[in-house]
Amino acid sequence: TVIAAEIMWLAEQGKLRLSDAVADHLPAGFHFDTNGSTIEDLLSMRSGIPDPISEASGPVQADLLKAWTPRSRYTAARGRRAPGTTTRTTCS
């Protein structure tokens, strides 16, 4: 919620747009496949980018002695989805 409020504040100031590609706001030299997602996709949890904490928990739990980096967690996470689709699973 705090991050979303900060992003909305930056949007109000004209420093970014919700329709901006996420890749346009990554630091130089940081290479990560953002799946073509926009900032709005991220805020609505519909970016298609897997959650490296919940979706990579199986491989991480299976190898607790490995030094897991953010990149290796994303690699271990289940496949990406198209932007505009949810990354959350629902329980019935």
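Up top is the structure these notes are about.
Calculation notes
Residues numbered from 1 in each chain as written. Predicted model: local features only at pLDDT ≥ 70, side-chain atom pairs only at ≥ 80, totals over all residues. Heavy atoms only, no water. Helix = DSSP H or I, 4+ residues; strand = E, 2+ residues; numbered from the N terminus. Buried < 20%, exposed > 50% of the residue type's maximum accessible area, 1.4 Å probe, protein only. Salt bridge = Lys/Arg side-chain N within 4 Å of Asp/Glu carboxyl O.

1. Brief notes about unusual backbone geometry
Turning to step 1, where the next piece is worked out: The backbone of N35 sits at a positive phi, close to 65°, despite the residue not being glycine.
Turning to step 2, where the next piece is worked out: For M45, which is not a glycine, the phi torsion comes out positive at approximately 60°.
Turning to step 3, where the next piece is worked out: Locating M45 in the fold gives a position in the loop between helix 2 (39-43) and helix 3 (57-62).
Turning to step 4, where the next piece is worked out: For M45, a relative accessible area of 41% puts it in the partly exposed group.

2. Quick word on the pattern of salt bridges
Turning to step 1, where the next piece is worked out: This model, assessed by the stated rule, comprises one salt bridge.
Turning to step 2, where the next piece is worked out: The salt bridge partner of D20 is R17, with a shortest N-O separation of 3.1 Å.

3. Some details on the environment of S44
Turning to step 1, where the next piece is worked out: When you line up the elements, S44 lands in the loop between helix 2 and helix 3.
Turning to step 2, where the next piece is worked out: Each C-alpha atom, one on S44 and one on A4, is 9.6 Å from the other, the two residues being 40 residues apart in sequence.

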